[in-house]
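Commentary on secondary and tertiary structure
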Amino acid sequence: MARLFRIPPRVLAMTIAVAAGSGFTNGGATAGTVPFLSHQALYELNLVKSRGSNAIGSARGRILYNFSGSACEGYTSEFRQVSELDSGEGKVTLSDLRSSSWEDGAGKSYRFKIDTRMNDSESAPVDGVAERVGDHITVKLKQPVAKTFQLDGKVVFPTEQIQHIIAAAREGKSVLELTVYDGSDNGEKVYNTLSVIGQPIPGDRAPASPDPSSANEAMKSMTRWPVTVSYYDRDAKSKDGEQTPVYAMSFELYENGVSRALVLDYNDFVISGAMGKFDVKDTKPCK
């Protein structure tokens, strides 16, 4: 059976603009003074290459993403991804993933719900809330099973992750390690991440392959950085002292939080996510 590929919420946090540039409490970093953008974006997913013993013939998909909010109101995101994976010999997997989340501007609270349908078979939704209290995070799941557990307080949520990366890039750092929780999989998965940040690209340097974001007037003066983030299963045991990432993603990250030229490496195959549409939305300023 062909494997399902999808864009987890944490990846979408990299491909969107997530709020006004506000401070956040975990780690004491700040996203800076350049405001982030609320917007709607359409992404076209296509197979770049396939490799290994589980090679596939084709992959394609589309994401429609809506984001709104502010540092004072919190950040709300909704997206739907429909994708198709063909492993050859008539084995085609169709998937429909829908996700919605809300994250407090200070990274203290995170609510999420994820629904997945594959080949007309619906999986149990993931529904829960995570609250940061003192030096730990308490997660309460409603589905797929009612369960309460705790995470280390150093774990960050998706919006915090992008804020930390932008702050590190501005400081000239080339490597950043973070542990991330976004409620994906069964709602209990936590990932260790390694971000590698390249040299800044000035706003007056046009990308080789323009897209609607790079053509937007508000983006043309923005500095951006090439970033690669590798995701590791925190609970997986490494072999010979070296662990292989579950997947990695590369993109160009603008200082206002928008990312372009997304590339996802799932080890057996690589998917590109080209922005096909980009519409800026109004955001109410904090009072």
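Numbering of residues begins from 1 in every chain and follows the order in which that chain's sequence is written. The predicted nature of this model means local features are confined to residues of pLDDT at least 70 and side-chain atom pairs, given and counted, to a pLDDT of 80 or more, with totals for whole chains, interfaces and linings taken over all residues. Side-chain numbers come from the whole structure's heavy atoms, not from hydrogens or water.

**Brief notes about the pattern of salt bridges**
As a reminder, the rule being used: What counts as a salt bridge is simple: a side-chain nitrogen of Lys or Arg found within 4 Å of a carboxyl oxygen of Asp or Glu. To sort residues, take the accessible area from a 1.4 Å probe on protein chains only and compare it with the maximum for the residue type: under 20% means buried, over 50% means exposed, and anything in between is partly exposed.
Inspection of the entire model under this criterion finds 16 salt bridges. The partner of Arg-98 in a salt bridge is Asp-96, and the shortest N-O contact between them spans 3.7 Å. Relative accessible area serves as the criterion here: at 15%, Asp-96 is assigned to the buried category. Residue Asp-235 pairs with Arg-234 through a salt bridge whose shortest N-O separation is 3.6 Å. What makes Asp-235 exposed here is its relative accessible area of 53%.

**Considerations on the pairing of strand E11 (residues 191–197)**
Our working definition: A run of H or I in DSSP becomes a helix once it reaches four residues, and a run of E becomes a strand once it reaches two; helices and strands are each numbered from the N terminus. By definition, two strands form a pair when at least two bridges between them are found by DSSP.
Residues Tyr-191, Thr-193, Ser-195 and Ile-197 point to one face of E11 and are all buried, whereas Asn-192, Leu-194 and Val-196, pointing to the other face, are not buried. By the bridge criterion, 7 bridges tie E11 to strand E12 (residues 224–233) in an arrangement that is antiparallel. Looking at E12, one finds that Leu-194 is bridged to Ser-230.

**A word on the packing of aromatic side chains**
Put simply, the rule is: Aromatic rings from Phe, Tyr and Trp, with only the six-membered ring used for Trp, were paired whenever their centres fell within 6.5 Å, and each pair was classed as stacked if the ring planes differed by under 30 degrees, edge-to-face if by over 60, and tilted otherwise. Consider the ring centre and the ring normal. A charge sits over the ring if Lys NZ or Arg CZ is within 6 Å of that centre and within 35 degrees of that normal.
Enumeration according to the criterion identifies 8 aromatic pairs in this entry. Residues Tyr-191 and Tyr-231 carry aromatic rings whose centres are separated by 6.1 Å and whose planes lie at 85° to one another, so their mutual orientation is edge-to-face. One end of the pair, Tyr-191, is in strand E11; the other, Tyr-231, is in strand E12, and 40 residues separate them in sequence. Residue classification places Tyr-231 among the buried residues on the basis of a relative accessible area of 0%. Taking the ring centre of Phe-157 as reference, the NZ or CZ of Arg-132 above it sits at 5.2 Å.

**Things to note about helix H2 (residues 158–170)**
Rule in force here: Working rule for helices: expected span equals 1.5 Å times residues minus one.
Here H2 is 13 residues long and its end C-alpha atoms lie 19 Å apart, about the 18 Å a rise of 1.5 Å per residue gives. Among the 13 residues in H2, 12 count as buried, and that is most of the element. Taken residue by residue, H2 has Pro-158, Thr-159, Glu-160, Gln-161, Ile-162, Gln-163, His-164, Ile-165, Ile-166, Ala-167, Ala-168 and Ala-169 as its buried positions. The positive-phi residue at the C-terminal boundary of H2 is Gly-172, with phi of around 80°.

**Digging into the confidence of the model for the protein**
So the rule is basically this: Across the chain, each position has a pLDDT score giving the predictor's confidence in that residue, from 0 to 100. By definition in these notes, contact holds between two residues if any of their heavy atoms fall within 4.5 Å.
Looking at the protein, pLDDT values average 82 and 85% of them are 70 or higher. Note that residues 9–32 has pLDDT below 50 and, in this model, 108 contacts with residues that lie over four places away or in other chains.

**Here we look at the environment of Ala-41**
The topology assignment puts Ala-41 in strand E1 (residues 38–50). Using a relative accessible area of 1% as the deciding quantity, one classes Ala-41 as buried. Excluding its chain neighbours within four sequence positions, the residues that come into contact with Ala-41 are Ile-63, Leu-64, Tyr-65 and Lys-277.

**Regarding unusual backbone geometry**
Of all residues except glycine, most have a negative phi; of all peptide bonds, most are trans. A cis amide bond links Gln-143 to the next residue, Pro-144, at an omega of 5°. With respect to the element layout, Pro-144 can be found in the loop between strand E8 (136–143) and strand E9 (147–152). Although it is not a glycine, Ala-261 adopts a positive phi angle of roughly 55°. Mapping Ala-261 onto the fold places it in strand E14 (residues 259–265). A residue is classified by how much of its surface remains accessible, and Ala-261, at 37% relative accessible area, is partly exposed. Although it is not a glycine, Asn-267 sits at a positive phi angle of roughly 75°. For Asn-267, the position within the fold is in the loop between E14 and strand E15 (269–281). Asn-267 gets classed as partly exposed once you look at its relative accessible area, which sits at 33%.

**Quick notes on the pairing of strand E4 (residues 92–103)**
As judged from the 12 bridges shared by strand E3 (residues 74–86) and E4, these two strands associate in the antiparallel manner. Directly across from Ser-83, in E4, lies its bridge partner Ser-95. The antiparallel hairpin formed by E3 and E4 contains 5 residues in its connecting segment, where Gly-88 sits at a positive phi of about 90°. Summarising the sheet, E4 and strand E5 (residues 109–118) pair through 9 bridges and their orientation is antiparallel. Counterpart to Asp-96 in the pairing with E5 is Arg-117. The hairpin formed by E4 and E5 contains 5 residues between the paired strands, and Gly-107 there has a positive phi angle of roughly 70°.

**A short note on the environment of Pro-207**
Along the polypeptide, Pro-207 turns up in the loop between E11 and helix H3 (212–215). Pro-207 sits in the buried class, given a relative accessible area of 13%. In sequence terms Pro-207 and Glu-252 are 45 residues apart; their C-alpha atoms lie 9.7 Å from each other. Leaving out residues up to four positions away in the same chain, Pro-207 has contacts with Ser-214, Arg-224 and Arg-260.

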